[in-house]
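Given next are the chains, with one letter for each unit.
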Amino acid sequence: MDLAKLIDHTLLKPDATEAAVTSLCWEAQEYGFGAVCVNPTWVSLAARLLRPTSVKVCTVIGFPLGATTTPAKVGEAIEALACGATELDMVINLGKLKSGHYDFVCRDIEAVVGVARECSPPIVVKVILETALLTRAEKVTACQLVKDAGADFVKTSTGFGPGGATVDDVKLLRSIVGPAFGVKASGGIRTLQHALAMVEAGANRLGTSAGVAIMAEVRRCGVDDEQRALSD
């Protein structure tokens with residue numbers, strides 16, 4: 001397993017500086033991360049720095065609350081793609097979901113997916129559920145809506161909610177969406193053992209700001225010992 005390729009190297013703090021985003025991009029190249037994930041204002045910078053590499057540029061839509069209008073999310077997506085984003089992580093409309101307005105939630109996701117599908121090749125869309133705020137039944141419903149809307153991934157958390165990714169939630173999401181769909185674990189993943197536990201639970205992408213520290217652990221223990229960390 002190439003753990004680095006599963007990592008979206010993330011910097012979404014509101015006070016992130018140009019220098020910090022630049023360092024994030026250099027780190028992503030050095031460690032071979034699958035993507036960087038930055039706020040929309042830094043997409044053009046990240047795209048320029050990473051253009052010669054295979055590292056993707058992910059940004060967030062309707063972040064972190066998910067409560068912006070559908071046209072606002074669509075506008076964000078269009079601008080992000082024009083600036084060079086190659087993946088979009090959008091936040092589901094939690095209030096509408098909890099109110100039972102499932103058609104609205106599905107159309108909200110479909111609208112962003114529609115923008116992404118106009119690109120060639122199509123842009124990956126991940127939908128953030130903020131699982132710490134949902135009941136089990138709401139998680140099941142949300143996953144089905146995400147699939148029905150044509151997105152590519154469900155994602156556990158923004159990292160700004162009351163809790164991050166848990167093994168139980170990742171297992172649940174994987175059981176709902178099936179083996180061929182994407183599951184991104186995000187929020188609070190700071191150690192190699194935690195990262196591997198998420199992969200073992202069914203995540204095939206990891207959003208973390210601790211990617212460098214995690215890969216330092218890999219280098220210390222050796223790649224062959226990655227799985228051993230699960231039982232430590």
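Use the structure listed above.
What this report covers is the structure whose coordinates are included nearby. Keep in mind the model is a prediction, meaning the values are calculated, not measured.

Turning next to the pattern of salt bridges. This model, assessed by the stated rule, comprises twelve salt bridges. Residue Lys-73 pairs with Asp-108 through a salt bridge whose shortest N-O separation is 2.7 Å. With a gap of 35 residues between them, Lys-73 in helix α3 (residues 70-83) and Asp-108 in helix α5 (residues 102-117) connect regions that are remote in the sequence. Exposure class is identical for Lys-73 and Asp-108. Each is buried. Here Asp-89 and Lys-155 are joined by a salt bridge, their closest N and O atoms 2.9 Å apart.

Before going further, it helps to examine the sheet that holds strand β1 (residues 7-11). A barrel is described by the order of its strands in space; here eight strands give the closed sequence β1-β2-β3-β4-β5-β6-β7-β8, paired in parallel fashion. The mean angle between the axes of side-by-side strands here comes to 25°, regardless of whether they run parallel or antiparallel. Note that strand β2 (residues 35-38) and strand β3 (residues 56-61) share four bridges and pair parallel. By the bridge assignment for β3, Val-36 is matched with Val-57. With respect to the sheet, helix α2 (residues 43-50) is in contact with β2 and β3, its orientation differing from that of β3 by roughly 170°. Docked against the sheet, helix α7 (residues 167-177) engages β6 (153-155) and β7 (182-186), running at close to 165° with respect to β7.

Here we take up helix α9 (residues 211-221). For the α-helix, the turn length of 3.6 residues means that residues three or four positions removed from each other point alike. Of the positions making up α9, those classed as buried are Gly-211, Ile-214, Met-215 and Val-218. Around the axis of α9, the buried residues are gathered within 95° of arc, so they sit on the same side. Buried positions along α9 lie against β1, α1 (18-31), α8 (192-201) and β8 (205-208).

To continue, consider the pairing of β2. Here β2 shows no split at all, with Ala-35 and Cys-37 on one side and Val-36 and Val-38 on the other all buried. The β-α-β motif built from β1, the intervening α1 and the parallel element β2 has right-handed crossover chirality. This β-α-β element, β2 to α2 to β3, shows right-handed connectivity.

Judged by nonpolar contacts, the single largest core of 72 residues is most densely connected at Ile-109, Leu-129 and Leu-206. Here this core takes seven residues from α5, the largest share from any one element. What Ile-109 contacts, discounting residues up to four positions off in sequence, is Met-90, Ile-92, Val-127, Val-146, Ala-149 and Ala-151. Ranked by size, the runner-up nonpolar core spans seven residues in total, among them Cys-37, Val-60, Phe-63 and Val-91.

Here the focus is the packing of α1 against α2. Any two packed helices are characterised by the angle at which their axes cross and by the distance between the axes. Packing of α1 against α2 leaves a shortest axis separation of 10 Å and a crossing angle of 35°. In this structure, the crossing between α1 and α2 has a hand that is right-handed. Contacts between α1 and α2 involve Glu-18, Val-21, Thr-22, Cys-25, Trp-26 and Gln-29 from the first element and Leu-45, Ala-46, Leu-49 and Leu-50 from the second.

The subject of this paragraph is the environment of Ala-201. Within the secondary structure, Ala-201 is located in helix α8. In this structure Ala-201 comes out as buried when scored by relative accessible area, which is 8%. As for Ala-201 and Val-183, which are separated by 18 residues in sequence, their C-alpha atoms are 10.0 Å apart. Non-local contacts of Ala-201, meaning those with residues more than four positions away in its chain, are made with Val-167, Val-170, Lys-171 and Arg-174.

What counts, and where the lines are drawn
- Residues numbered from 1 in each chain as written.
- Predicted model: local features only at pLDDT ≥ 70, side-chain atom pairs only at ≥ 80, totals over all residues.
- Heavy atoms only, no water.
- Salt bridge = Lys/Arg side-chain N within 4 Å of Asp/Glu carboxyl O.
- Helix = DSSP H or I, 4+ residues; strand = E, 2+ residues; numbered from the N terminus.
- Buried < 20%, exposed > 50% of the residue type's maximum accessible area, 1.4 Å probe, protein only.
- Pairing = 2+ DSSP bridges.
- Axes fitted to C-alpha atoms, helices over the stretch in contact; angles between N-to-C directions.
- Contact = heavy atoms within 4.5 Å.
- Arc of directions from axis to C-beta.
- Right-handed = clockwise from strand over helix to strand, strands pointing away.
- Core = buried A, V, L, I, M, F, W, Y, C linked by side-chain atoms within 4.5 Å.
- Left-handed = near helix turned anticlockwise from the far one by under 90°.

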